[in-house]
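Structure at a glance
Listed below, chain by chain, are the residues.
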Amino acid sequence: MVVVLLVIMVLACLTVFYRLWAPFGGIVRGARGAVVHTSVHYGRKAFANLIATPMYFTLQDAHTMLFEQLRGAPGRRPRQDLVADKPDLQTFASGSDTRFIWLGHSSFLLRMGGKNLLLDPVLSRRASPFQSIGPKRFSDPSLDVSELPDIDAVVISHDHYDHLDYGTVRQLRDKAKRFFVPLGVGAHLERWGVRHDAITELDWWDTAELDGLELVCAPARHFSGRRLGDRNATLWGSWIIQTPQERLFFSGDTGYGPHFAEIGKRYGPFDVTLMECGQYDRRWANVHMLPEQTVEAARELGSKLFVPIHWGAFVLAFHAWTEPVERALKAASKQALPVVTPRLGQVVRLRDGAQKTAAWWTQAVETDHVPVGLR
């Protein structure tokens, strides 16, 4: 009887903790839940990908991952923190031509159509609900939120911690005018103090307007969730951002699939594609592309300029930290696909096209034996 009571007490404490710890986010319910449940992409109990996307590990997979985690391996992060450029934001925000700054991983400051947008901004030190543990970034952020120009919109691809960050959103809630997110993700934002009328939630293929900019939430092959029990409760997606003159594609997280050809058919070609190419593994190949698949996807989108993203910030997989960009460059060369690999904090102007950017990552000497997510 005592054991049963202890178990009940532990479960009750965990339940209270899950509900009270703000970084876990909100719960999709009420009017928002009613909209979510009417989506054609929502199944019996959760959102689903357009094609079958198994996500399970065999017992052997679990053993090998545990072994690799404990053993560590060389090359998973730089020996020293990377040093980011300090961009001239006054100049950045003064022009009307499209330009962007890579802030590491999948985070970008984008100026397009005379508007300033943030894509998947994660400016905290760790991609985690706890800033004392979890994957630690390779560098200080190029910019603090306080340094940012006025933000017209924040665009979020999905609710994983390396794409939707509690600390960053809390600082942006009064600085950003609008938030564009896939269905259900607004529950997290509202819990963190973002005004309801500042949030626009979109299903796949839905379109929103922002003073001359068109934003389209497009399919991706991935999943969502921030805690136990909320797998796929919110939607994930890629984004198309366009003006009458230019089109940009932002992949978010995704495995390879037929959605790229469909997006290319509907909206391509794209002047620039920001495409994930890192944090892959054969054991989760359905939800994260290999670099060679990324280049093929960019080709199907009709990409005129390819920017490799989702690398250079966190240890979230077992490959060397420079491997994604090196493999992506090799594959892009075979496809004659123009590429730009900006330094952290570098201002890139779209009108300049492919720029000969030095392989800055080769200057960071690799370290030894880093368990995934612990440094």
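These numbers were taken from a predicted model, which means no experiment stands behind them. (Residues numbered from 1 in each chain as written. Predicted model: local features only at pLDDT ≥ 70, side-chain atom pairs only at ≥ 80, totals over all residues. Heavy atoms only, no water.)

Once that is clear, we can look at the pattern of salt bridges. Counting across every chain of the model gives 19 salt bridges. We note a salt bridge from Asp 281 to Arg 283, for which the minimum N-O separation is 2.7 Å. Arg 283 matches Asp 281 in its accessibility class, with the two residues each being buried. Note that Arg 327 is salt-bridged to Glu 323, the shortest N-O span being 3.2 Å. Here Glu 323 and Arg 327 lie together in helix 9 (residues 323-334), a separation of four residues that amounts to about one turn. (Salt bridge = Lys/Arg side-chain N within 4 Å of Asp/Glu carboxyl O. Buried < 20%, exposed > 50% of the residue type's maximum accessible area, 1.4 Å probe, protein only. Helix = DSSP H or I, 4+ residues; strand = E, 2+ residues; numbered from the N terminus.)

Before going further, it helps to examine the packing of aromatic side chains. In this description, a pair of aromatic rings is defined by centroid distance and the angle of the planes. In total, this model carries 20 aromatic pairs according to the counting rule given. With 6.4 Å between their ring centres and 50° between their planes, Trp 102 and Trp 360 make a pair best called tilted. Highlighted residues: Trp 102 in strand 1 (residues 99-102) and Trp 360 in the segment after strand 13 (347-349), separated in sequence by 258 residues. Each ring, one from Phe 249 and one from Phe 270, has its centre 5.6 Å from the other, and the planes form 55°; the classification is tilted. Placement of Phe 249 in strand 10 (residues 247-250) and of Phe 270 in the loop between helix 7 (259-267) and strand 11 (272-276) is noted, with a sequence separation of 21 residues between them. Just as Phe 249 is buried, Phe 270 falls in that class too. One aromatic cluster is present, formed by Trp 102, Phe 138, Trp 311, Trp 321, Trp 360 and Trp 361 through successive ring pairs. The cationic tip of Arg 266 hangs over the ring face of Trp 205; the distance from NZ or CZ to the ring centre is 3.8 Å. (Phe/Tyr/Trp six-rings, centres within 6.5 Å; stacked < 30°, edge-to-face > 60°. Lys NZ or Arg CZ within 6 Å of the ring centre and 35° of its normal.)

So, on to helix 8 (residues 291-301). By the burial criterion, the buried members of helix 8 are Pro 291, Thr 294, Val 295, Ala 297, Ala 298 and Leu 301. Here the buried residues of helix 8 occupy an arc of 160° about the axis, which is enough to place them on one side. On its buried face, helix 8 is in contact with strand 10, helix 7, strand 11, strand 12 (306-309) and helix 9. Phi turns positive, to about 75°, at Gly 302, one or two residues after helix 8. (Arc of directions from axis to C-beta. Contact = heavy atoms within 4.5 Å.)

This brings us to the pairing of strand 11. In terms of residue burial, strand 11 counts as a mostly covered element, since five of its five residues are buried. Here strand 11 shows no split at all, with Val 272, Leu 274 and Glu 276 on one side and Thr 273 and Met 275 on the other all buried. As paired elements, strand 10 and strand 11 share three bridges and run parallel to each other. Across the sheet, the residue bridging to Leu 248 is Val 272, located in strand 11. The parallel pair strand 10 and strand 11 is bridged by helix 7, and the resulting crossover is right-handed. Here strand 11 pairs with strand 12 via four bridges, running parallel. (Pairing = 2+ DSSP bridges. Right-handed = clockwise from strand over helix to strand, strands pointing away.)

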